[in-house]
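Inside the fold
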Amino acid sequence: MRKFKYISNIEEDELKENFVISCVNENLMPCILIKNAELKTIATQFSTDNLEVKLNSVLVLHDNEYYFHIITSKRNDDLANKQFEIVFDYIFNKLDHPVDEDGLNQLFGSIEEFFRITPISENRTTQIGLFGELLTIKKLYNAGYCEIIDKYHKDFFMKHDVEINTAIRLEIKTTTSSLRVHNFRHDQIRRHDTHVYVSSVLLEESQEGLSLYDLCNQIINISKQPDIIFSIHKIMKLLGIDEENQGLRFSEKLALNNITFFDARKLPQINIDTIQGVSDIAYKVDCSFAESVTLEEIIQIFKY
């Protein structure tokens, strides 16, 4: 676990040069100092269940004033400290300029959501889906399409998993069945405004297989996008995945060999666009009835 310095030990050069500083306060609580874009001296303060925020704080050192916002954890335990490390590394440490109150409020909404997330009780389906998504990303990345990392969604509840460009989407479907049958919403595969491709992933559980925890960390290690890394940490926290509870395990080699791509337009589907007064149409599709697209072909399509 990383050790933060005491706030009283921060050097003046750090206050002058850094936009963000991590430390612990006099009560040993983890803090993040964010340089204020405005020279305001009227401080305001508010709290949530997990965090305390002081806006427009003034730090004085050697008779010089430095203007910062301060976010402080209300807990000092291993979990809280680890969360603060993640927030610092992937949200605040990317800042290259001071922020005003409005800018801080936007950032704060994201980190407060992260701190208050509690693991969901029924998460097997979500673990399976996430494993398939990340394994597809890994397969495309290892095959030479490295841009896939930057295109992976930051919101795990978007309609499609990957926006390749304005005209192409990738939808990733995962099952633990031996049949290539997946659930689709009608508007996921029948679209005229964009071209959808599908990655079909078949998983087989294995006690000696790759854990979801290890797969998440593999993607984190090859990603250079702080927003995406932070999103993966958030979903891991939502699922209760950590070093001790590493989640489901699947045979990686078998799954990588079984990943198959399809053009959504060629999948079996209801041959209508919309029905007036009817919404949320969803059904099972056996993708094995459609002609597949090779890995080489899908990368060519995505690149050009």
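Shown above is the structure to which this text applies.
Residues numbered from 1 in each chain as written. Predicted model: local features only at pLDDT ≥ 70, side-chain atom pairs only at ≥ 80, totals over all residues. Heavy atoms only, no water.

**Structural notes on the overall build of the protein**
Of the regular secondary structure elements, the protein holds 10 helices and 14 strands. Oriented by its inertia axes, the alpha-carbon framework of the protein measures out at about 75 × 45 × 40 Å. Residues counted as buried form 48% of the 304 residues belonging to the protein. Expressed as a percentage of contacts within the protein between residues at least 6 apart in sequence, the contacts between residues at least 24 apart total 70%. Across the protein, 33 positive and 47 negative side-chain charges occur, with their mean positions spaced 5 Å apart. (Helix = DSSP H or I, 4+ residues; strand = E, 2+ residues; numbered from the N terminus. Buried < 20%, exposed > 50% of the residue type's maximum accessible area, 1.4 Å probe, protein only. Contact = heavy atoms within 4.5 Å. Lys, Arg positive; Asp, Glu negative; His and termini not counted. Charge placed at Lys NZ, Arg CZ, Asp CG, Glu CD.)

**Thoughts on the state of the cysteines**
Summed over the entire model, instances satisfying the criterion amount to 0 disulfides. Among the cysteines around Cys31, which has no disulfide bond, Cys23 carries the closest sulfur, lying 4.7 Å off. (Disulfide = S-S within 2.5 Å.)

**What to know about the packing of helix H2 (residues 78-92) against helix H8 (residues 226-239)**
Put simply, H2 and H8 touch, their axes get as near as 8 Å, and they point 155° apart. In this view, H2 runs roughly antiparallel relative to H8, as classed from their interaxial angle. Here Gln83, Ile86, Val87, Tyr90 and Ile91 of H2 lie close against H8, whose contacting residues are Pro226, Asp227, Ile229, Phe230, His233 and Lys237. For the contact of H2 with H8, the per-class residue count stands at 7 nonpolar, 2 polar and 2 charged. (Axes fitted to C-alpha atoms, helices over the stretch in contact; angles between N-to-C directions. Parallel < 35°, antiparallel > 145°, perpendicular 65-115°, else oblique. Nonpolar A, V, L, I, M, F, W, Y, C, P; charged D, E, K, R; others polar.)

**What to know about the nonpolar core**
The biggest cluster of nonpolar side chains holds 67 residues, and the ones touching the most others in it are Ile71, Val87, Phe92, Leu140 and Phe302. Counting residues per element, this core draws most heavily on H8, at 8 residues. Membership of the second largest hydrophobic core comes to 11 residues, among which are Val196, Ala264, Tyr283 and Ala290. (Core = buried A, V, L, I, M, F, W, Y, C linked by side-chain atoms within 4.5 Å.)

**Some remarks on the sheet that holds strand S9 (residues 195-202)**
Spatially, the 5 strands line up as an open sheet ordered S6-S7-S9-S12-S14, and their pairing is mixed. Looking at the sheet topology across the chains shown, the edges are occupied by strand S6 (162-163) and strand S14 (292-293). (Pairing = 2+ DSSP bridges.)

**Observations concerning the packing of aromatic side chains**
The relation between two aromatic rings is expressed through the spacing of the ring centres and the mutual angle of the planes. Going through the model one piece at a time under the given rule, you end up with 3 aromatic pairs. Ring centres of Phe131 and Phe250 lie 4.8 Å apart, and the angle between their planes is 65°; this geometry places the pair in the edge-to-face category. With Phe131 in helix H4 (residues 124-142) and Phe250 in strand S11 (residues 249-250), the pair connects residues that are 119 residues apart, well separated along the chain. For the pair Phe131 and Phe250, a shared accessibility class is recorded, and that class is buried. On the numbers, 6.2 Å between centres and 80° between planes, the contact of Tyr197 with Phe302 is edge-to-face. (Phe/Tyr/Trp six-rings, centres within 6.5 Å; stacked < 30°, edge-to-face > 60°.)

**Some remarks on the environment of His182**
With respect to the element layout, His182 can be found in strand S8 (residues 181-185). Taking the C-alpha atoms as reference, His182 lies 13 Å from Ile128; in sequence the two are 54 residues apart. When residues no more than four places from it in sequence are discounted, the contact partners of His182 are Lys173, Thr174, Thr175, Ser200, Val201, Tyr283, Lys284, Val285 and Cys287.

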